[in-house]
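# Descriptive structure summary
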Amino acid sequence: MGSLQEKPRLRLGSLVSGLQEVYESGRTRELAWRRSQLRGLLRLLSEKEEEIFEVLRDDLGKNRAESYRDELGALVKSVNHTLRNLGKWAAPEKAQAPLVSFPATALVVPEPLGVVLVFSCWNFPLGLALEPVSGALAAGNVVVLKPSELAPSTAAFLAATVPRYLDSEAVKVVEGGPEVGEQLMEHRWDKVLFTGSERVGRLILTKAAKHLTPVALELGSKCPCIVDYLDGKRGRQVAVNRIVGAKWSVCAGQACIAIDYILVEEKFAPILIGLLKSTLKNFIATPECMARILNAKHFQRLSNYLQDVKVAASVVHGGSLNPKTLAIEPTILLNPPVDSDIMTEEIFGPLLPIITVKKIEDSIRFLKSKPKPLSIYAFTTNEKLKRRITEETSSGSVTFNDAIVQYVVEGLPFGGVGHSGFGQYHGKYTFDMFSNKKAVFKRSFLIEFMFRYPPWDDSKIRMLRHVFNLNYVGLLLGLLGLRR
Ligand code: NAD
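The rules behind these values
- Residues numbered from 1 in each chain as written.
- Predicted model: local features only at pLDDT ≥ 70, side-chain atom pairs only at ≥ 80, totals over all residues.
- Heavy atoms only, no water.
- UniProt positions renumbered as here; feature names shortened; annotations may be inferred.
- Buried < 20%, exposed > 50% of the residue type's maximum accessible area, 1.4 Å probe, protein only.
- Helix = DSSP H or I, 4+ residues; strand = E, 2+ residues; numbered from the N terminus.
- Pairing = 2+ DSSP bridges.
- Right-handed = clockwise from strand over helix to strand, strands pointing away.
- Contact = heavy atoms within 4.5 Å.
- Axes fitted to C-alpha atoms, helices over the stretch in contact; angles between N-to-C directions.
- Salt bridge = Lys/Arg side-chain N within 4 Å of Asp/Glu carboxyl O.
- Phe/Tyr/Trp six-rings, centres within 6.5 Å; stacked < 30°, edge-to-face > 60°.
- Lys NZ or Arg CZ within 6 Å of the ring centre and 35° of its normal.
- Core = buried A, V, L, I, M, F, W, Y, C linked by side-chain atoms within 4.5 Å.
- Domains from an automatic or database assignment.

In the nomenclature of an unreviewed UniProt entry, the chain is known as Aldehyde dehydrogenase of Brachypodium distachyon. UniProt annotates the chain under Sequence similarities (unreviewed entry) with the comment "Belongs to the aldehyde dehydrogenase family." Regarding the chain, the UniProt comment filed under Catalytic activity (unreviewed entry) reads as follows: "an aldehyde + NAD(+) + H2O = a carboxylate + NADH + 2 H(+)".

## Details of the pairing of strand β10 (residues 261–265)
The buried count for β10 comes to five of five residues, which makes it a mostly enclosed element. Here β10 shows no split at all, with Tyr 261, Leu 263 and Glu 265 on one side and Ile 262 and Val 264 on the other all buried. With four bridges connecting them, strand β9 (residues 224–227) and β10 associate as parallel partners. Bridging from a neighbouring strand, Ile 226 pairs with Leu 263 of β10. At this point the chain moves from β9, through helix α9 (residues 233–248), to the parallel β10, and the crossover so formed is right-handed.

## Details of the side chain of Lys 48
With respect to the helices and strands, Lys 48 occurs in the loop between α2 (31–47) and α3 (49–60). On the basis of relative accessibility, which here comes to 13%, the residue Lys 48 falls in the buried class. Setting aside chain neighbours within four positions, we find Lys 48 in contact with Arg 43, Phe 157, Thr 161, Arg 164 and Tyr 165.

## Considering the sheet that holds strand β14 (residues 331–334)
One open sheet holds the seven strands; their spatial order is β11-β14-β15-β10-β9-β16-β17, and the pairing between them is mixed. At either end of the open sheet lies a strand with only one pairing partner, and these are β11 (315–317) and β17 (397–400). Across this sheet, the average inter-strand angle for adjacent strands is 25°, counted without regard to direction. Sheet strands touched by helix α10 (residues 269–283): β9, β10, β11, β14 and β15 (351–357). Its angle to β15, the strand with the most contacts, is close to 160°.

## Describing the pattern of salt bridges
Under the counting rule described, the total for this entry stands at 20 salt bridges. For Arg 388, the salt bridge goes to Glu 392, with nearest N and O atoms at 2.7 Å. With Arg 388 and Glu 392 both in helix α15 (residues 383–392), this residue pair falls four residues apart, about one helical turn. Salt bridges here are not isolated pairs; linked through shared partners, they connect Arg 27, Asp 167 and Glu 169.

## What about the UniProt feature "active site" (unreviewed entry) in the chain?
As annotated by UniProt and renumbered to match this structure, "active site" (unreviewed entry) occupies Glu 218 and Cys 256. With the annotated positions falling across 39 residues, the maximum pairwise C-alpha distance of 9.0 Å places them together in a single cluster. Tracing the backbone through its elements, the reader meets Glu 218 in strand β8 (residues 215–218). Glu 218 sits in the buried class, given a relative accessible area of 4%. Aside from chain neighbours lying at most four places away, what touches Cys 256 is Asn 123, Leu 219, Ser 221, Cys 223, Glu 346, Phe 348, Leu 374 and Phe 414.

## Comments concerning the packing of aromatic side chains
Within this structure, the stated rule accounts for eight aromatic pairs. Pairing Trp 89 with Phe 431 gives two aromatic rings, centres 6.0 Å apart and planes at 50°, and the pair type is tilted. Of this pair, Trp 89 sits in helix α4 (residues 64–90) while Phe 431 is found in helix α16 (residues 428–433), placing the two residues 342 residues apart along the sequence. Look at Trp 89 and you get buried, because its relative accessible area is 8%. With a centroid separation of 4.9 Å and 50° between ring planes, the pair formed by Tyr 229 and Phe 268 is classed as tilted. In this pair, Tyr 229 sits in the loop between β9 and α9 while Phe 268 sits in the loop between β10 and α10, placing the two residues 39 residues apart along the sequence. On the accessibility criterion, Tyr 229 (29% relative accessible area) is partly exposed. By relative accessible area, Phe 268 is classed as buried at 1%. Members of the aromatic cluster, connected to one another through ring pairs, are Tyr 407, Phe 414 and Tyr 425. Lying over the aromatic face of Phe 366, Lys 370 brings its terminal NZ or CZ to 4.7 Å of the ring centre.

## Thoughts on the nonpolar core
Leu 158, Val 227, Ile 259, Ile 262, Leu 272 and Leu 276 are the most contacted members of the largest nonpolar core, which has 115 residues in total. Structurally, this core is a two-domain feature, drawing no fewer than three residues from each of domain 1 (6–219 + 426–437) and domain 2 (224–409). In contact with Val 227, not counting residues within four places along its chain, are Ile 243, Ile 262, Leu 263, Val 264, Glu 265, Phe 268, Leu 272, Ile 360 and Phe 379. Residues Ile 226, Leu 351, Leu 367 and Ile 389 belong to the second largest nonpolar core, which totals 26 residues.

Take a look at the structure:
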């Protein structure tokens, strides 16, 4: 069986040692095995499509189209990309060897790390689980996946299905909550990829220190979106389509790279708000067009933002909440206090504050005063502004004139910087994250320079100087005794 419900410590111990044995057997290193796992994943995604739609609706009220766009389709695209490129990624890469070592060959040989652990989060419970797992398998590792207990239908689906489509001895799904997560972290792993909150990320890092386990943390942040004064009617509408799509149609704003708040010039704010309202009316015409808030705790967390009197007074659109259905209307706020909770904590929901600045360039100073986010978005045609944002701010990614879509560009690394986390994945970056780049240097016995060994004298230092300054003419003359 490849799936375990919460089990006592001892059971996890034997699970880990069993996985180590599988890894030591060497079968996961074979490219044929890795490819068969990726094909198994593709089969799972295709044959279980309907079940996937069901569990995502169950856990988060996601529409089939949203589930396909954000999780299933994106995964299929990514796994196919990995399958197509695996041979190239796994091949040894030639590196330059210094002339003085001639004849020699320098190679970078990717090797699997071993037994890796993946913690996933509830908001993209399929994508954030299987995207890293696919890369870890492509790199030849054995894997434990700990899905989020807060998306229980998807977690149960993964636990029941993964062992049937993948090598059930090499890939395990361990269900459970924080206690199981903590128990897992008592063991030694060759790598842990954690997606979730900063608070739990700190715990993971602390526990990992005990075994010197390398960790990648994929955390959250407040992702800002700068909206410049846009002149053209079409440009304005396209920008607003993309903002509304990114904020409200992607898990109702419960996404780590969702637009958290907007920065806009005072004079453009009323135009932007008008367009946001009309576009919302078209896009989120019925409640089924938007996912729901995960649970009562998150509903309460989001309601609390609006309890602040000054924040409530800043609502210019929406604002209604239904605790019975956990529904929160898409809500726009204009200039809530910048020291209020809604402007200091990650929102992770369908509330969108708009902060006005006198000149759009002022937004750069505003961003620089904040922790480095996962993503910065800017809608502008001003090349100078784009350059300044790219050069003067720091974030995991910057996207101009769109939002969220950077997630599905396999050629781009995905990850945070500073408080938004560390360790980048997606595409080849996932393969690299779960590989050790082993340096292999091959020499021959043909040429031997005795000046590298004692007993020392000044001429040996001179020769060494030639070597380190890449002065091969001096070196040759010195070896021939023509220059001292
Ligand atoms: P969380 O941190 O509570 O949980 C994440 C995972 O950790 C789950 O599998 C959970 O079971 C496990 N866990 C919880 N407590 C644990 C403990 N004490 N020990 C070990 N494991 C434990 O997740 P959350 O707070 O619900 O997630 C929301 C956060 O995740 C947001 O900040 C969001 O931005 C971030 N996030 C980041 C990304 C990304 O790719 N960077 C993606 C999605 C979500």
